[in-house]
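Chain by chain, the residues run as shown.
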Amino acid sequence: MKKYAAIALAALTLTACGKKHKADDPLAESGRTQRAENLLINLKAIGDSTTYMFGHHDDTVYGIGWEADYANDSTIHERSDVKSVCDDYPALLSFDLGHIELGNERNLDGVPFKRIRQEILAHYDKGGMVTLSWHLDNPLSGGTSWVADSLKDIETQTVSSILDGGAKHELFISWLDRVADFLNSLETSYGVKVPILFRPWHEHTGSWFWWGQEHCTAEQYKTLWKLTAGRLKEKGVVNILYAYSPGTEGDGDEAKYMERYPGDDIIDLLGLDCYCFAPEADTTQISQYAAKLDKNLAMVCRIAKQHQKAAALTETGFECIKTDNWWTATLAPVLKRHPISYVLVWRNAHNRQNHYFAPYPGQRSSSDFIRFYNAPETLFLHDVNGLYLNR
């Protein structure tokens, strides 16, 4: 019997009424589907409560020691490291669209886009939420999203090259059209477009991506956002919300956080990416992470309230989770102090050693994660339903 308090809140805030039997998918006054608007309403409602959803990137497509059988549709939404530990899926799944711009069948981590679509539809049918990031290649240099020292002179010209009048503008428009085609394809067999929280151009306050701080001006970055949202709208995408998620380079400074904000007319959720980087059992650095997270989340939630936006910890994690009680002693105490709608940890790579951010069976923090799961504040898939329906 899991979390009476959380279930009671879900029943009040996220009223469920059998979405699979409702084929109607009307547009709201905003031009988005009513289900997308309802998702936004409920993200704000969760933020106003004492709970938050837990999310994990690529949770159902691979994990430590396994990869989904992509040729076998019967394995859709079958396996998950998180579920193997706590017998429940994350409420929020995250996937990446990197390499969809190239017309590839698989994304940058080798997951077929067909399978990502299937997992999104399956998670929606179970009542969960999905967010998508986009680590797209560099349209000017031909490199990856990540900046290469040997291409630094080119990297600083990339954003200007894809804006209106730039040498790569038409190419970039074709890339956006491929994103639009994928988003428009996220429709159930009963005629409902799955609402998605789209999170492009993230961590721009750093400079490791070609759209980062040192590689374009503030106005160019804002124009990039406007171009993205405008083109997707032109292509008939009506099922997305947008997330803005800088890093912590501003160290809690509101002006720095908002310096490149594209505007309230585009953004629906204010987020933050903040990771714990510490050697094993280095309590000083772990404490420093907690303090930095606390300071920055306070700032994000304050701005979100001022702008009437939802708020979230859009990426976080402790690679290899090197302490036994990181979930309940480091992460949860900070999150409990801030009105966020969700927390997302990064992936459990099946093909890269020591690159995981959620526990798996036998991992040292598994028992602590179960305590985290059972806490009244955390919402997993069994705790949420009807996120897309009228309250």
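These figures come from a predicted structure and were not determined experimentally.

(A) Structural context of the overall build of the chain. Counting secondary structure elements, the chain contains eleven helices and 13 strands. Its C-alpha radius of gyration of 20 Å places the chain within 12% of the 21 Å reference for a compact globule of 391 residues. Carbon together with sulfur atoms contributes 48% to the accessible area of the chain, which is approximately 15,200 Å² in total. Put simply, the chain has 40 plus and 51 minus side-chain charges, and the middle of one group is 4 Å from the middle of the other.

(B) Spatial organisation of the environment of isoleucine 303. Of note, isoleucine 303 is situated in helix H9 (residues 283–307). A relative accessible area of 1% places isoleucine 303 in the buried class. Along the sequence, isoleucine 303 and glutamate 280 sit 23 residues apart, while their C-alpha atoms lie 34 Å from each other. Residues contacting isoleucine 303, with those up to four places away along its chain left out, are Glu254, Tyr257, Met258 and Leu270.

(C) How the structure looks around the confidence of the model for the chain. Taken residue by residue, the chain gives an average pLDDT of 92. The fraction at 70 or more is 93%. Confidence over residues 4–21 falls short of pLDDT 50; this stretch has 39 contacts with residues more than four positions distant or in other chains.

(D) Structural context of the nonpolar core. Membership of the largest hydrophobic core comes to 122 residues, with the highest contact counts inside it found for Met53, Ile120, Met129, Leu132, Trp134, Phe172 and Trp201. No other element matches H9, which puts ten residues into this core.

(E) Looking closely at unusual backbone geometry. Located in the positive-phi region is histidine 77, a residue other than glycine, with phi close to 55 degrees. Following the sequence through the fold, histidine 77 ends up in the loop between strand S3 (66–67) and helix H3 (81–86). One non-glycine residue, glutamate 203, lies in the positive phi region at around 55 degrees. Within the secondary structure layout, glutamate 203 lies in the loop between strand S6 (196–199) and helix H7 (218–234).

(F) Molecular detail of the environment of threonine 248. Of note, threonine 248 is situated in the loop between strand S7 (240–244) and helix H8 (254–258). Residue classification places threonine 248 among the buried residues on the basis of a relative accessible area of 12%. Sequence spacing of threonine 248 and threonine 205 is 43 residues, and the spatial spacing of their C-alpha atoms is 7.6 Å. For threonine 248, the residues in contact, after removing those within four places along its chain, are Leu272, Asp273, Cys274, Lys292 and Asn296.

(G) Region of the structure containing the packing of aromatic side chains. In the structure shown here, the tally under the stated rule is 30 aromatic pairs. Taken together, a centroid distance of 6.4 Å and an interplanar angle of 15 degrees make the contact between tryptophan 134 and phenylalanine 172 stacked. Placement of the pair is tryptophan 134 in the loop between strand S5 (129–133) and helix H5 (152–162) and phenylalanine 172 in helix H6 (residues 169–184), with a sequence separation of 38 residues. Of the two residues examined, tryptophan 134 and phenylalanine 172, each falls in the buried class. Seen from their ring centres, tryptophan 327 and phenylalanine 369 are 4.9 Å apart, and the 75 degrees between their planes marks the pair as edge-to-face.

(H) Seen up close, the pattern of salt bridges. Inspection of every chain in the model, using the stated rule, returns 20 salt bridges. Of the charged contacts, one joins arginine 32 and glutamate 37 as a salt bridge, the two residues approaching to 2.9 Å between their closest N and O atoms. A relative accessible area of 17% means that arginine 32 is categorised as buried. On the basis of relative accessibility, which here comes to 15%, the residue glutamate 37 falls in the buried class.

(I) Summary view of the packing of helix H10 (residues 326–335) against helix H11 (residues 366–374). Following both chains from N to C, one finds H10 and H11 inclined at 45 degrees, their axes separated by 8 Å at the closest point. In this view, H10 runs oblique relative to H11, as classed from their interaxial angle. Contacts between H10 and H11 pair Trp326, Trp327, Thr328, Leu331 and Ala332 from the former with Asp368, Phe369, Arg371 and Phe372 from the latter. Across the contact of H10 with H11, the residue classes break down as six nonpolar, one polar and two charged.

(J) How the structure looks around the packing of H6 against H7. Here H6 crosses H7 at 50 degrees, and the two axes come no closer than 9 Å. The angle between H6 and H7 places the two elements in the oblique class. The handedness of the crossing between H6 and H7 is right-handed. Side by side, H6 and H7 meet where His169, Phe172, Ile173, Leu176, Asp177, Val179, Ala180 and Leu183 of the first sit next to Leu224, Leu227, Thr228, Arg231 and Leu232 of the second. Residue composition of the contact of H6 with H7, by class: nine nonpolar, two polar and two charged.

Reading the values: the criteria
- Residues numbered from 1 in each chain as written.
- Predicted model: local features only at pLDDT ≥ 70, side-chain atom pairs only at ≥ 80, totals over all residues.
- Heavy atoms only, no water.
- Helix = DSSP H or I, 4+ residues; strand = E, 2+ residues; numbered from the N terminus.
- Rg over C-alpha atoms; globule rule 2.2 N^0.38 Å.
- Areas by Shrake-Rupley, 256 points an atom, 1.4 Å probe, with all protein chains shown as cover.
- Lys, Arg positive; Asp, Glu negative; His and termini not counted.
- Charge placed at Lys NZ, Arg CZ, Asp CG, Glu CD.
- Buried < 20%, exposed > 50% of the residue type's maximum accessible area, 1.4 Å probe, protein only.
- Contact = heavy atoms within 4.5 Å.
- pLDDT = per-residue confidence, 0-100.
- Core = buried A, V, L, I, M, F, W, Y, C linked by side-chain atoms within 4.5 Å.
- Phe/Tyr/Trp six-rings, centres within 6.5 Å; stacked < 30°, edge-to-face > 60°.
- Salt bridge = Lys/Arg side-chain N within 4 Å of Asp/Glu carboxyl O.
- Axes fitted to C-alpha atoms, helices over the stretch in contact; angles between N-to-C directions.
- Parallel < 35°, antiparallel > 145°, perpendicular 65-115°, else oblique.
- Nonpolar A, V, L, I, M, F, W, Y, C, P; charged D, E, K, R; others polar.
- Left-handed = near helix turned anticlockwise from the far one by under 90°.

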